[in-house]
Amino acid sequence: MMKWFMTLTEATETVVEAAAPQTDLTQLPLFTKGLLTTAMGLLGVFLVLALFFVTIKLMQKIGAKDAQ
Amino acid sequence: MDILAILKELFAGVISMVSVDGLKTLAMFVIAGVLIYLAIKKDYEPALLLPIGFGAILANLPDAVVLGEDGFLKVLFNAGIANELFPILIFIGVGAMIDFSPLLKDPSMIFFGAAAQFGIFATFLVSLVLIPIVLPATAGDENLILRLASAIGIIGAADGPTTLYVANHFKLVEYMAPISVAAYSYMSLVPVIQPPVIKALTTKKERMIRMNYNEERASKLALILFPIIVTAIAGIIVPMSAPLVGSLMFGNLIRECGVLERLSKTAQNELANLVTILLGITIGGTMVAENFLRLDTLLIMGLGLFAFVFDTAGGVLFAKFLNLFRKEKINPMVGAAGISAFPMSARVIQKLAKEEDPYNFILMQSISANVSGQLGSIVAGGMVITLVTMMLGGA
(Lines give C-alpha, C1' and ligand atoms only; values in the text may rest on other atoms or scores of the structure.)
Protein backbone atom coordinates (compact mmCIF):
# COMPACT_ATOMS: atom_id res chain seq x y z
CA MET A 1 0.00 0.00 0.00
CA MET A 2 2.80 2.37 1.02
CA LYS A 3 4.76 1.55 -2.15
CA TRP A 4 1.70 2.20 -4.28
CA PHE A 5 1.17 5.54 -2.53
CA MET A 6 4.81 6.58 -3.08
CA THR A 7 4.60 5.70 -6.78
CA LEU A 8 1.39 7.69 -7.08
CA THR A 9 2.97 10.70 -5.36
CA GLU A 10 6.05 10.58 -7.62
CA ALA A 11 3.88 10.24 -10.72
CA THR A 12 1.76 13.23 -9.64
CA GLU A 13 4.87 15.34 -9.03
CA THR A 14 6.23 14.49 -12.49
CA VAL A 15 2.93 15.41 -14.16
CA VAL A 16 2.71 18.69 -12.22
CA GLU A 17 6.30 19.60 -13.13
CA ALA A 18 5.71 18.82 -16.80
CA ALA A 19 2.48 20.81 -16.86
CA ALA A 20 3.91 23.80 -15.02
CA PRO A 21 4.35 26.86 -17.23
CA GLN A 22 7.96 27.71 -17.97
CA THR A 23 7.36 31.47 -17.52
CA ASP A 24 9.34 33.07 -14.72
CA LEU A 25 6.86 35.42 -13.05
CA THR A 26 9.62 37.68 -11.78
CA GLN A 27 10.71 38.45 -15.34
CA LEU A 28 7.31 39.74 -16.46
CA PRO A 29 6.82 43.49 -17.06
CA LEU A 30 5.52 45.35 -14.01
CA PHE A 31 2.04 46.04 -15.38
CA THR A 32 1.63 42.44 -16.54
CA LYS A 33 2.43 41.36 -13.00
CA GLY A 34 -0.25 43.79 -11.84
CA LEU A 35 -2.83 42.48 -14.29
CA LEU A 36 -2.09 38.88 -13.35
CA THR A 37 -2.37 39.70 -9.64
CA THR A 38 -5.66 41.51 -10.25
CA ALA A 39 -7.21 38.74 -12.34
CA MET A 40 -6.05 35.91 -10.07
CA GLY A 41 -6.84 37.90 -6.93
CA LEU A 42 -10.43 38.70 -7.88
CA LEU A 43 -10.94 35.15 -9.11
CA GLY A 44 -9.54 33.81 -5.84
CA VAL A 45 -11.78 36.01 -3.69
CA PHE A 46 -14.88 34.96 -5.67
CA LEU A 47 -13.82 31.31 -5.54
CA VAL A 48 -13.29 31.26 -1.76
CA LEU A 49 -16.53 33.12 -1.07
CA ALA A 50 -18.35 30.80 -3.50
CA LEU A 51 -17.09 27.89 -1.39
CA PHE A 52 -18.48 29.63 1.71
CA PHE A 53 -21.78 29.98 -0.16
CA VAL A 54 -21.86 26.26 -0.99
CA THR A 55 -21.01 25.46 2.64
CA ILE A 56 -23.88 27.57 3.94
CA LYS A 57 -26.29 26.03 1.43
CA LEU A 58 -25.21 22.54 2.54
CA MET A 59 -25.68 23.48 6.17
CA GLN A 60 -29.14 24.84 5.37
CA LYS A 61 -30.06 21.55 3.70
CA ILE A 62 -28.78 19.52 6.64
CA GLY A 63 -30.69 21.83 9.01
CA ALA A 64 -33.90 21.41 6.98
CA LYS A 65 -33.55 17.61 7.02
CA ASP A 66 -32.99 17.67 10.79
CA ALA A 67 -36.09 19.82 11.24
CA GLN A 68 -38.16 17.31 9.22
CA MET B 1 30.01 74.70 31.30
CA ASP B 2 28.92 78.35 31.10
CA ILE B 3 25.40 79.56 31.79
CA LEU B 4 24.60 79.96 28.09
CA ALA B 5 25.48 76.33 27.37
CA ILE B 6 23.35 75.18 30.30
CA LEU B 7 20.42 77.26 29.10
CA LYS B 8 20.87 75.93 25.55
CA GLU B 9 20.82 72.39 26.88
CA LEU B 10 17.81 73.07 29.09
CA PHE B 11 15.77 74.74 26.37
CA ALA B 12 16.96 72.63 23.42
CA GLY B 13 13.34 71.74 22.70
CA VAL B 14 12.23 75.37 22.55
CA ILE B 15 15.20 76.32 20.35
CA SER B 16 14.49 73.44 17.96
CA MET B 17 11.00 74.83 17.39
CA VAL B 18 12.48 77.93 15.75
CA SER B 19 13.85 76.06 12.73
CA VAL B 20 12.64 74.20 9.64
CA ASP B 21 12.21 71.08 11.76
CA GLY B 22 10.23 73.17 14.22
CA LEU B 23 7.84 74.21 11.46
CA LYS B 24 7.40 70.58 10.46
CA THR B 25 6.65 69.75 14.09
CA LEU B 26 4.05 72.50 14.21
CA ALA B 27 2.49 71.17 10.99
CA MET B 28 2.24 67.72 12.58
CA PHE B 29 0.65 69.25 15.68
CA VAL B 30 -1.98 70.83 13.42
CA ILE B 31 -2.64 67.49 11.68
CA ALA B 32 -2.89 65.75 15.06
CA GLY B 33 -5.24 68.51 16.20
CA VAL B 34 -7.46 67.94 13.17
CA LEU B 35 -7.66 64.21 13.95
CA ILE B 36 -8.56 64.90 17.58
CA TYR B 37 -11.11 67.52 16.44
CA LEU B 38 -12.74 65.03 14.03
CA ALA B 39 -12.86 62.45 16.82
CA ILE B 40 -14.37 64.71 19.47
CA LYS B 41 -16.44 67.19 17.51
CA LYS B 42 -17.55 65.10 14.53
CA ASP B 43 -17.56 61.72 16.28
CA TYR B 44 -15.63 60.11 13.37
CA GLU B 45 -14.18 56.83 14.74
CA PRO B 46 -13.19 58.60 18.00
CA ALA B 47 -11.81 55.39 19.50
CA LEU B 48 -9.11 55.41 16.83
CA LEU B 49 -8.67 58.97 15.64
CA LEU B 50 -8.18 60.38 19.14
CA PRO B 51 -5.37 57.97 20.15
CA ILE B 52 -3.81 58.38 16.68
CA GLY B 53 -3.87 62.17 17.03
CA PHE B 54 -2.40 62.08 20.52
CA GLY B 55 0.25 59.56 19.47
CA ALA B 56 1.21 61.92 16.63
CA ILE B 57 1.74 64.75 19.13
CA LEU B 58 3.91 62.53 21.33
CA ALA B 59 5.98 61.33 18.38
CA ASN B 60 6.72 64.85 17.16
CA LEU B 61 7.84 66.35 20.44
CA PRO B 62 11.47 67.52 20.32
CA ASP B 63 13.88 64.60 20.81
CA ALA B 64 10.88 62.19 20.59
CA VAL B 65 11.81 60.38 23.81
CA VAL B 66 8.77 58.10 23.39
CA LEU B 67 10.34 56.72 20.20
CA GLY B 68 13.80 56.17 21.65
CA GLU B 69 15.27 52.71 22.16
CA ASP B 70 13.20 52.12 25.32
CA GLY B 71 10.48 54.66 24.51
CA PHE B 72 7.04 53.25 25.20
CA LEU B 73 5.71 53.87 21.68
CA LYS B 74 8.73 52.05 20.23
CA VAL B 75 8.16 49.18 22.68
CA LEU B 76 4.46 49.04 21.71
CA PHE B 77 5.34 49.13 17.99
CA ASN B 78 7.72 46.21 18.33
CA ALA B 79 5.33 44.30 20.56
CA GLY B 80 2.13 44.79 18.60
CA ILE B 81 2.58 46.08 15.06
CA ALA B 82 5.95 44.77 13.88
CA ASN B 83 4.87 41.21 14.69
CA GLU B 84 1.22 41.73 13.56
CA LEU B 85 -0.14 40.94 17.04
CA PHE B 86 -2.50 43.93 17.44
CA PRO B 87 -4.45 43.33 14.18
CA ILE B 88 -4.89 39.70 15.18
CA LEU B 89 -6.13 40.57 18.68
CA ILE B 90 -8.49 43.20 17.27
CA PHE B 91 -9.96 40.55 14.98
CA ILE B 92 -10.72 38.25 17.92
CA GLY B 93 -12.79 41.10 19.35
CA VAL B 94 -14.42 41.89 15.99
CA GLY B 95 -15.24 38.21 15.46
CA ALA B 96 -16.96 38.11 18.85
CA MET B 97 -19.09 41.09 17.80
CA ILE B 98 -20.26 39.65 14.45
CA ASP B 99 -23.55 37.81 14.12
CA PHE B 100 -23.39 35.70 10.95
CA SER B 101 -27.04 34.71 11.34
CA PRO B 102 -28.41 37.08 8.63
CA LEU B 103 -25.79 35.78 6.19
CA LEU B 104 -26.59 32.15 7.00
CA LYS B 105 -30.25 32.86 6.25
CA ASP B 106 -29.50 34.56 2.92
CA PRO B 107 -26.10 33.33 1.68
CA SER B 108 -26.46 34.90 -1.77
CA MET B 109 -25.36 38.17 -0.14
CA ILE B 110 -21.89 36.69 0.27
CA PHE B 111 -20.97 37.55 -3.31
CA PHE B 112 -21.19 41.26 -2.54
CA GLY B 113 -18.29 40.68 -0.16
CA ALA B 114 -16.28 39.64 -3.20
CA ALA B 115 -17.57 42.23 -5.68
CA ALA B 116 -16.83 45.10 -3.32
CA GLN B 117 -13.14 44.14 -3.30
CA PHE B 118 -12.92 45.37 -6.89
CA GLY B 119 -11.58 48.73 -5.66
CA ILE B 120 -8.59 47.03 -4.03
CA PHE B 121 -7.40 45.62 -7.32
CA ALA B 122 -8.33 48.67 -9.41
CA THR B 123 -6.32 50.85 -7.00
CA PHE B 124 -3.46 48.36 -7.08
CA LEU B 125 -3.26 48.72 -10.87
CA VAL B 126 -3.55 52.52 -10.80
CA SER B 127 -0.88 52.65 -8.08
CA LEU B 128 1.50 50.64 -10.24
CA VAL B 129 1.22 53.37 -12.87
CA LEU B 130 1.24 56.40 -10.55
CA ILE B 131 3.90 55.47 -7.99
CA PRO B 132 6.89 55.67 -10.40
CA ILE B 133 5.54 58.94 -11.83
CA VAL B 134 4.70 60.74 -8.58
CA LEU B 135 7.58 59.26 -6.60
CA PRO B 136 10.52 59.23 -9.05
CA ALA B 137 12.79 57.86 -6.33
CA THR B 138 10.94 54.53 -6.60
CA ALA B 139 11.33 54.29 -10.39
CA GLY B 140 13.21 51.15 -11.29
CA ASP B 141 12.61 49.54 -7.91
CA GLU B 142 9.86 47.15 -9.03
CA ASN B 143 10.00 45.34 -5.73
CA LEU B 144 9.12 48.48 -3.74
CA ILE B 145 6.50 49.62 -6.28
CA LEU B 146 4.68 46.27 -6.12
CA ARG B 147 4.79 46.13 -2.33
CA LEU B 148 3.65 49.73 -1.94
CA ALA B 149 0.88 49.34 -4.55
CA SER B 150 -0.39 46.28 -2.66
CA ALA B 151 -0.55 48.11 0.65
CA ILE B 152 -2.25 51.13 -0.94
CA GLY B 153 -4.79 48.92 -2.73
CA ILE B 154 -5.66 47.15 0.51
CA ILE B 155 -6.74 50.48 2.02
CA GLY B 156 -9.86 49.81 -0.08
CA ALA B 157 -10.57 46.79 2.09
CA ALA B 158 -12.01 49.37 4.51
CA ASP B 159 -10.55 47.19 7.17
CA GLY B 160 -7.81 48.67 9.36
CA PRO B 161 -6.30 45.45 10.75
CA THR B 162 -6.05 43.85 7.29
CA THR B 163 -4.42 47.00 5.90
CA LEU B 164 -1.87 47.01 8.73
CA TYR B 165 -1.29 43.30 8.29
CA VAL B 166 -0.49 43.64 4.57
CA ALA B 167 1.65 46.79 4.98
CA ASN B 168 3.56 45.14 7.78
CA HIS B 169 3.98 41.89 5.87
CA PHE B 170 5.68 43.82 3.07
CA LYS B 171 7.93 45.64 5.58
CA LEU B 172 6.67 49.11 4.64
CA VAL B 173 7.48 50.61 8.03
CA GLU B 174 8.13 54.14 6.74
CA TYR B 175 4.79 54.15 4.88
CA MET B 176 2.85 52.69 7.79
CA ALA B 177 1.68 56.07 9.10
CA PRO B 178 0.01 57.45 5.96
CA ILE B 179 -1.40 54.01 5.05
CA SER B 180 -2.99 53.44 8.45
CA VAL B 181 -4.19 57.02 8.77
CA ALA B 182 -5.79 56.78 5.31
CA ALA B 183 -7.41 53.43 6.16
CA TYR B 184 -8.84 54.51 9.50
CA SER B 185 -9.84 58.04 8.54
CA TYR B 186 -11.66 56.88 5.39
CA MET B 187 -13.38 54.15 7.42
CA SER B 188 -14.67 56.85 9.69
CA LEU B 189 -15.73 58.85 6.64
CA VAL B 190 -17.85 56.04 5.16
CA PRO B 191 -21.05 58.07 5.84
CA VAL B 192 -19.56 60.89 3.77
CA ILE B 193 -17.87 58.89 0.98
CA GLN B 194 -20.46 56.23 0.15
CA PRO B 195 -23.77 58.13 -0.30
CA PRO B 196 -22.71 60.32 -3.26
CA VAL B 197 -21.16 57.33 -5.07
CA ILE B 198 -24.30 55.24 -4.51
CA LYS B 199 -26.62 58.04 -5.59
CA ALA B 200 -24.56 58.65 -8.73
CA LEU B 201 -24.88 55.00 -9.76
CA THR B 202 -28.52 54.30 -8.87
CA THR B 203 -31.94 55.73 -9.69
CA LYS B 204 -34.47 56.70 -7.03
CA LYS B 205 -36.59 53.75 -8.14
CA GLU B 206 -33.69 51.35 -7.59
CA ARG B 207 -32.98 52.81 -4.17
CA MET B 208 -36.62 52.19 -3.21
CA ILE B 209 -36.53 48.47 -4.00
CA ARG B 210 -37.82 46.48 -1.04
CA MET B 211 -36.37 43.11 -0.14
CA ASN B 212 -37.93 40.24 1.79
CA TYR B 213 -36.22 38.99 4.91
CA ASN B 214 -36.82 35.83 6.90
CA GLU B 215 -36.69 36.79 10.59
CA GLU B 216 -35.95 33.23 11.70
CA ARG B 217 -32.52 32.82 13.33
CA ALA B 218 -30.02 30.33 11.89
CA SER B 219 -29.64 27.06 13.79
CA LYS B 220 -27.09 26.93 16.60
CA LEU B 221 -25.26 24.06 14.91
CA ALA B 222 -24.84 26.13 11.73
CA LEU B 223 -23.58 29.12 13.70
CA ILE B 224 -21.00 26.91 15.45
CA LEU B 225 -19.90 25.03 12.34
CA PHE B 226 -19.61 28.14 10.14
CA PRO B 227 -16.50 29.69 11.76
CA ILE B 228 -14.74 26.33 11.86
CA ILE B 229 -15.45 25.49 8.21
CA VAL B 230 -14.63 29.01 7.00
CA THR B 231 -11.26 28.89 8.79
CA ALA B 232 -10.47 25.52 7.24
CA ILE B 233 -11.45 26.57 3.69
CA ALA B 234 -9.67 29.93 3.79
CA GLY B 235 -6.63 28.45 5.50
CA ILE B 236 -6.28 25.69 2.91
CA ILE B 237 -6.87 27.82 -0.20
CA VAL B 238 -5.24 31.09 0.92
CA PRO B 239 -2.86 30.15 3.75
CA MET B 240 -1.70 33.77 4.10
CA SER B 241 -5.18 34.74 5.25
CA ALA B 242 -5.17 32.13 8.04
CA PRO B 243 -4.00 34.42 10.89
CA LEU B 244 -6.70 36.99 10.20
CA VAL B 245 -9.52 34.59 9.29
CA GLY B 246 -8.49 32.32 12.15
CA SER B 247 -8.59 35.06 14.77
CA LEU B 248 -11.86 36.50 13.42
CA MET B 249 -13.50 33.09 13.42
CA PHE B 250 -12.04 32.16 16.80
CA GLY B 251 -13.70 35.24 18.27
CA ASN B 252 -16.93 34.28 16.52
CA LEU B 253 -16.81 30.72 17.82
CA ILE B 254 -16.37 32.03 21.37
CA ARG B 255 -19.54 34.07 20.79
CA GLU B 256 -21.63 31.33 19.24
CA CYS B 257 -20.59 28.28 21.26
CA GLY B 258 -22.90 29.34 24.08
CA VAL B 259 -20.65 28.16 26.91
CA LEU B 260 -18.13 31.01 26.97
CA GLU B 261 -20.31 34.02 27.55
CA ARG B 262 -17.79 35.66 29.87
CA LEU B 263 -14.96 35.27 27.35
CA SER B 264 -17.23 36.48 24.55
CA LYS B 265 -18.05 39.65 26.47
CA THR B 266 -14.38 40.17 27.34
CA ALA B 267 -13.36 39.79 23.69
CA GLN B 268 -16.09 42.19 22.55
CA ASN B 269 -15.38 44.82 25.17
CA GLU B 270 -12.20 44.72 27.25
CA LEU B 271 -9.93 43.05 24.68
CA ALA B 272 -11.17 45.07 21.71
CA ASN B 273 -11.08 48.35 23.66
CA LEU B 274 -7.66 47.76 25.16
CA VAL B 275 -6.04 46.80 21.87
CA THR B 276 -7.80 49.69 20.09
CA ILE B 277 -6.23 52.16 22.53
CA LEU B 278 -2.76 50.66 22.12
CA LEU B 279 -3.12 50.28 18.35
CA GLY B 280 -4.28 53.86 17.91
CA ILE B 281 -1.55 55.50 19.94
CA THR B 282 1.10 53.26 18.37
CA ILE B 283 -0.03 54.16 14.84
CA GLY B 284 0.00 57.81 15.87
CA GLY B 285 3.55 57.22 17.04
CA THR B 286 4.58 56.35 13.48
CA MET B 287 3.45 59.79 12.26
CA VAL B 288 6.87 61.38 12.57
CA ALA B 289 7.14 64.57 10.49
CA GLU B 290 9.97 63.30 8.31
CA ASN B 291 7.97 60.18 7.37
CA PHE B 292 4.62 61.93 7.04
CA LEU B 293 5.14 65.35 5.47
CA ARG B 294 6.03 63.94 2.09
CA LEU B 295 4.51 63.60 -1.35
CA ASP B 296 3.98 59.89 -0.63
CA THR B 297 1.37 60.77 1.97
CA LEU B 298 -0.70 62.79 -0.49
CA LEU B 299 -0.45 59.99 -3.05
CA ILE B 300 -1.47 57.35 -0.50
CA MET B 301 -4.38 59.45 0.80
CA GLY B 302 -5.59 60.14 -2.76
CA LEU B 303 -5.35 56.53 -3.88
CA GLY B 304 -6.95 55.35 -0.63
CA LEU B 305 -9.99 57.48 -1.40
CA PHE B 306 -10.03 56.13 -4.96
CA ALA B 307 -10.05 52.59 -3.53
CA PHE B 308 -13.04 53.33 -1.27
CA VAL B 309 -14.98 54.90 -4.13
CA PHE B 310 -14.30 52.00 -6.50
CA ASP B 311 -15.12 49.39 -3.84
CA THR B 312 -18.49 51.05 -3.32
CA ALA B 313 -19.05 51.30 -7.07
CA GLY B 314 -18.02 47.64 -7.56
CA GLY B 315 -20.63 46.45 -5.07
CA VAL B 316 -23.43 48.62 -6.48
CA LEU B 317 -22.70 47.72 -10.10
CA PHE B 318 -22.50 44.01 -9.25
CA ALA B 319 -25.96 44.19 -7.66
CA LYS B 320 -27.31 45.94 -10.76
CA PHE B 321 -25.72 43.25 -12.92
CA LEU B 322 -27.37 40.50 -10.86
CA ASN B 323 -30.72 42.28 -11.17
CA LEU B 324 -30.57 41.73 -14.92
CA PHE B 325 -31.09 38.00 -14.28
CA ARG B 326 -33.10 37.94 -11.06
CA LYS B 327 -36.85 37.89 -10.73
CA GLU B 328 -36.72 39.12 -7.14
CA LYS B 329 -34.68 42.32 -7.44
CA ILE B 330 -31.93 43.33 -5.03
CA ASN B 331 -31.71 46.90 -3.81
CA PRO B 332 -28.36 47.83 -5.42
CA MET B 333 -27.39 49.92 -2.41
CA VAL B 334 -26.92 46.65 -0.50
CA GLY B 335 -23.96 45.91 -2.78
CA ALA B 336 -22.13 48.94 -1.39
CA ALA B 337 -22.23 47.38 2.08
CA GLY B 338 -19.94 44.67 0.71
CA ILE B 339 -16.97 46.84 1.68
CA SER B 340 -15.79 45.83 5.12
CA ALA B 341 -16.23 48.85 7.50
CA PHE B 342 -18.51 46.80 9.74
CA PRO B 343 -21.18 47.80 10.83
CA MET B 344 -21.01 51.42 9.71
CA SER B 345 -21.53 50.72 6.02
CA ALA B 346 -24.70 48.68 6.67
CA ARG B 347 -26.10 51.52 8.79
CA VAL B 348 -25.35 54.05 6.06
CA ILE B 349 -27.21 51.92 3.50
CA GLN B 350 -30.25 51.57 5.77
CA LYS B 351 -30.25 55.32 6.36
CA LEU B 352 -30.17 55.97 2.61
CA ALA B 353 -33.00 53.49 2.05
CA LYS B 354 -35.09 55.22 4.72
CA GLU B 355 -34.49 58.60 3.10
CA GLU B 356 -36.16 57.32 -0.08
CA ASP B 357 -38.86 55.25 1.58
CA PRO B 358 -39.36 55.54 5.36
CA TYR B 359 -40.83 52.03 5.49
CA ASN B 360 -38.06 50.27 3.60
CA PHE B 361 -36.03 48.01 5.88
CA ILE B 362 -32.90 46.53 4.28
CA LEU B 363 -30.63 46.61 7.32
CA MET B 364 -30.36 42.81 7.66
CA GLN B 365 -29.46 42.33 3.99
CA SER B 366 -26.92 45.13 4.31
CA ILE B 367 -25.44 43.49 7.40
CA SER B 368 -25.17 40.20 5.47
CA ALA B 369 -23.26 41.98 2.71
CA ASN B 370 -21.21 43.85 5.31
CA VAL B 371 -20.02 40.73 7.18
CA SER B 372 -19.32 39.13 3.80
CA GLY B 373 -17.17 42.14 3.06
CA GLN B 374 -15.28 41.47 6.27
CA LEU B 375 -14.54 37.96 5.04
CA GLY B 376 -13.88 39.14 1.47
CA SER B 377 -11.39 41.78 2.55
CA ILE B 378 -9.38 39.28 4.59
CA VAL B 379 -9.33 36.79 1.72
CA ALA B 380 -8.35 39.61 -0.68
CA GLY B 381 -5.52 40.60 1.68
CA GLY B 382 -4.29 37.00 1.75
CA MET B 383 -4.55 36.73 -2.04
CA VAL B 384 -2.60 39.96 -2.56
CA ILE B 385 0.17 38.84 -0.20
CA THR B 386 0.41 35.42 -1.85
CA LEU B 387 0.33 36.67 -5.45
CA VAL B 388 2.64 39.66 -4.98
CA THR B 389 5.12 37.48 -3.09
CA MET B 390 5.08 35.12 -6.08
CA MET B 391 5.62 38.04 -8.48
CA LEU B 392 8.59 39.11 -6.36
CA GLY B 393 10.08 35.65 -6.61
CA GLY B 394 9.20 34.70 -3.07
CA ALA B 395 10.97 37.76 -1.62
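Relevant structure appears above.
Residues numbered from 1 in each chain as written. Chains lettered and ligands numbered in written order. Predicted model: local features only at pLDDT ≥ 70, side-chain atom pairs only at ≥ 80, totals over all residues. Heavy atoms only, no water.

## Here we look at the overall build of chain B
From N to C terminus, chain B includes 22 helices and zero strands. Here the C-alpha atoms of chain B give a radius of gyration of 22 Å, agreeing with the 21 Å that 2.2 N^0.38 yields for 395 residues. Counting only C-alpha atoms and orienting by the principal axes, one finds that chain B spans roughly 85 × 50 × 50 Å. Going through the 395 residues of chain B one by one, you find that 55% of them count as buried. By element, 68% of the accessible surface of chain B is carried by carbon and sulfur atoms, the whole surface being about 16,400 Å². Treating the 26 positive side-chain charges of chain B as one cloud and the 28 negative ones as another, the clouds have centres 11 Å apart. (Helix = DSSP H or I, 4+ residues; strand = E, 2+ residues; numbered from the N terminus. Rg over C-alpha atoms; globule rule 2.2 N^0.38 Å. Buried < 20%, exposed > 50% of the residue type's maximum accessible area, 1.4 Å probe, protein only. Areas by Shrake-Rupley, 256 points an atom, 1.4 Å probe, with all protein chains shown as cover. Lys, Arg positive; Asp, Glu negative; His and termini not counted. Charge placed at Lys NZ, Arg CZ, Asp CG, Glu CD.)

## Concerning the overall build of chain A
Within chain A, the secondary structure is distributed over two helices and zero strands. Burial statistics for chain A: of 68 residues in total, 24% are counted as buried. About 5,000 Å² of surface is accessible on chain A, with carbon and sulfur atoms providing 72% of the total.

## Section: the interface of chain A and chain B
Of the residues lining the interface, 28 residues belong to chain A; the matching set on chain B comes to 42 residues. Contact between chain A and chain B buries roughly 3,100 Å² in total, counting both sides, with carbon and sulfur atoms accounting for 87%. Our count for the contact surface shared by chain A and chain B stands at one salt bridge. Here Lys-33 of chain A ties to Glu-142 of chain B by a salt bridge, and the two come within 3.1 Å at their closest N and O atoms. Inspection of the chain A/chain B interface yields three residue pairs in polar contact (both at pLDDT 80 or more). (Contact = heavy atoms within 4.5 Å. Buried area = accessible area lost by both parts, 1.4 Å probe. Salt bridge = Lys/Arg side-chain N within 4 Å of Asp/Glu carboxyl O. Polar contact = N/O pair within 3.5 Å; in protein donor to acceptor, adjacent residues only side chain to side chain.)

## Points about helix α10 (residues 142–154) of chain B
Residues and elements named next belong to chain B. Here α10 spans 18 Å end to end across 13 residues, near enough to the 18 Å set by a 1.5 Å rise per residue. Among the 13 residues that make up α10, eleven are buried, leaving the element largely enclosed by the rest of the structure. Regarding α10, the residues found buried are Leu-144, Ile-145, Leu-146, Arg-147, Leu-148, Ala-149, Ser-150, Ala-151, Ile-152, Gly-153 and Ile-154. (Expected span 1.5 Å × (residues − 1).)

## Some thoughts on the pattern of salt bridges
Residue and element names in this part refer to chain B. In the structure shown here, the tally under the stated rule is ten salt bridges over all chains. With its nearest N and O atoms 3.4 Å apart, the salt bridge here joins Lys-265 to Glu-261. Pair noted here: Lys-265 and Glu-261 are both in helix α17 (residues 261–285), with a separation of four residues, about one helical turn. Overall, the relative accessible area of 48% leaves Lys-265 in the partly exposed class. The network of salt bridges with shared partners includes Glu-174, Arg-294 and Asp-296.

## A closer look at the nonpolar core
Grouped together as the largest cluster of nonpolar side chains are 129 residues, with contacts concentrated most on Phe-52 of chain A together with Ile-155, Phe-226, Met-287 and Leu-375 of chain B. In this structure, Leu-375 of chain B is in contact with Leu-49 and Phe-52 of chain A together with Phe-100, Phe-226, Val-230, Leu-248 and Met-249 of chain B, ignoring residues within four places of it in sequence. (Core = buried A, V, L, I, M, F, W, Y, C linked by side-chain atoms within 4.5 Å.)

## Some remarks on helix α12 (residues 176–188) of chain B
A rise of 1.5 Å per residue sets the reference length of α12 of chain B, with its 13 residues, at 18 Å; its end C-alpha atoms lie 18 Å apart and thus fit the reference within 8%. Across the 13 residues that make up α12 of chain B, a large majority, 13, are buried.

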